[in-house]
Every structure is written in structure tokens, then in C-alpha cells.
Amino acid sequence: MKKIGIGADDAALELKETLVEHLEEKGYEVEDYSPPSKEEAKNAGIDYPDVAVEVAEAVARGDHDQAILCCGTGLGMSITANKVPGVRAAQCHDVYSAERAKKSNNAQVLTMGGRVIGPEAAKTVMDAFLESEFGGGSSAPKVDKMIEVDRRYHGTPAS
Ligand code: RB5
């Protein structure tokens, strides 16, 4: 099993720590792309787009099959990650959406907001995402259409 990539900005470092602990308890290996502290993020000028692009590029390269990104809302991480060709990131704060993001949309990246969701709910949402699989079937041609849009605007292969 490949390592799970995870990244947070200054607004979600606490949530990210909770999620890393939970992942490790479940036996996942985790690669953390977050700044080590709020202070270091501030001093180095590391914001959510910096973390999102690093993690999304690692997913696009195939270093990770799945990744988790956390910021204040989950929005900035999602918007940025979706700009990297081949990456499908979904902001989810409920179990049903997290399952569907994988089963219907074949998302590789889950984003959540540390100012939106509590730690226990976030763990449950993350588990639902990681434990769901793309169903193929009638969802496959729809995902193919998304990939085609990606190719049209980026002009590069997208998986
Ligand atoms: C803080 O920079 C906040 O704007 C950020 O964490 C995120 O919520 C952006 O989408």
C-alpha cells in the first residue's frame, strides 16, 4: 500500500495532527507535507496553495494513490489541488459525500476545513473516503469526460 500524503496550512495543523495519529493507528504510512508550526509557516510564507500544489503534484506523479488536505475551510486546498493536471480533489464534510467522491468521481484527494468540522467527525469522513473505491460502471464515462476536460485545458495526459 502506498503512503498517504497529507498536508495542512496554519489554520488546520491541529486537525492534521489528529488525522495523522488516526491514520498511523490504522496502520497507514503517512507522508506529511505540512509546515512544522504556525510560526514557521508564517516566517517562511507558506500558505494553503503552497502545500496543496506540493501534495497534488505528488499525487499526479503517482507517489500517493490518496491524499488528505486541510485548511481553514477545505476550499483553498481543493481549488488549488484541482488545478494540477490529473488530480481530482473533493471537499467533503459528510460521510456520504466522501464515499461518493471516491465511488462516483474517482477523487484521489479529500479536503476538509479545520474551522468547519470537528476532529471526531473528520476522522469518520476520512475513513469513509479512504475505505471507498471507484465503482467504474456508469460512473466511468463521466470520469472520462472530466479527464477529457483536464486534457483540453492542460494539454497534458491526465489519469
Ligand atoms: C487561512 O489562510 C484560510 O484562508 C485558509 O486556511 C483556507 O480556509 C482557505 O481556503
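Residues numbered from 1 in each chain as written. Predicted model: local features only at pLDDT ≥ 70, side-chain atom pairs only at ≥ 80, totals over all residues. Heavy atoms only, no water.

**Some words on helix α1 (residues 13–25)**
Rule in force here: For the purposes of this entry, the term helix denotes a DSSP run of H or I that reaches at least four residues, the term strand denotes a run of E that reaches at least two, and both are numbered from the N terminus. In this analysis, the expected span of each helix is defined as 1.5 Å times one less than the number of residues it contains. Burial classification: accessible surface area is computed with a 1.4 Å probe over protein chains only, and a residue below 20% of its type maximum counts as buried, one above 50% as exposed, and the rest as partly exposed. Every residue pair with non-hydrogen atoms within 4.5 Å of one another is taken to be in contact.
For α1, which comprises 13 residues, the first-to-last C-alpha distance of 18 Å matches the rise-based estimate of 18 Å (1.5 Å per residue) to within 8%. Every buried residue of α1 is accounted for by L13, L15, K16, L19, V20, H22 and L23. Packing partners of the buried residues in α1 comprise β1 (4–8), β2 (30–32), α2 (38–44), β3 (67–71), β5 (109–113) and α6 (119–131). Positive backbone phi, at 95 degrees, marks G27, one or two positions downstream of α1.

**With respect to the pattern of salt bridges**
Side chains that differ in charge, positive against negative, can pair when their charged atoms come close. For the record, the criterion: Any carboxyl oxygen of Asp or Glu within 4 Å of a side-chain nitrogen of Lys or Arg constitutes a salt bridge here.
Going through the model one piece at a time under the given rule, you end up with eight salt bridges. A salt bridge links D32 to K16; the nearest nitrogen and oxygen atoms lie 2.6 Å apart. Here the residue D32 occupies a position in strand β2, and K16 occupies one in helix α1, the gap between them amounting to 16 residues. The exposure class assigned to D32 is partly exposed, which follows from its relative accessible area of 34%. Judged by relative accessible area, K16 falls into the buried class, the value being 4%. Between D63 and R61 there is a salt bridge, with the nearest N and O atoms lying 2.8 Å from each other.

**As for the sheet that holds strand β4 (residues 89–91)**
The criterion, for reference: Only strands that DSSP links by at least two bridges are regarded as paired with each other. Structural elements are reduced to axes, namely lines fitted to C-alpha atoms, with helices fitted over the stretch in contact, and the angle between N-to-C directions of any two is expressed from 0 to 180 degrees.
One open sheet accounts for five strands, arranged β2-β1-β3-β5-β4; its pairing is parallel. The strands lining the two open edges of the sheet, one partner per strand, are β2 and β4. For this sheet the average axis-to-axis angle between neighbouring strands, irrespective of direction, equals 20 degrees. Strand contacts of α1: β1, β2, β3 and β5, with the helix running at about 160 degrees to β1, the strand carrying the most contacts.

**Looking at the pairing of β5**
Working note: regular strand, side chains alternate between the two faces of the sheet. In terms of burial, β5 is a largely internal element, five of the five residues being buried. Burial of the side chains of β5 extends over both faces: V109, T111 and G113 are buried on one face and L110 and M112 on the other. One ladder, built from five bridges, connects β3 with β5; its direction is parallel. Each bridged residue has a counterpart across the sheet, and for C70 the counterpart in β5 is M112. Note that β4 and β5 share three bridges and pair parallel. Of the residues in β5, the one forming a bridge with A90 is L110.

**Details of helix α7 (residues 140–154)**
Heads up, the condition is: Directions from the helix axis toward the C-beta atoms define the arc.
For α7, spanning 15 residues, the distance from its first C-alpha to its last is 21 Å, which sits close to the expected 21 Å at 1.5 Å a residue. Taken residue by residue, α7 has V143, I147 and D150 as its buried positions. Along α7, the residues classed as buried sweep out an arc of 50 degrees about the axis, all on the same side. Those residues of α7 that are exposed and aimed more than 90 degrees away from the buried face are K142, K145, R152 and Y153. Trailing α7 by a residue or two, G155 shows a phi angle of about 65 degrees, which is positive.

**Some words on the side chain of H22**
Along the chain, H22 turns up in helix α1. Look at H22 and you get buried, because its relative accessible area is 13%. With sequence-adjacent residues up to four places away left out, H22 is seen in contact with K123, M126 and D127.

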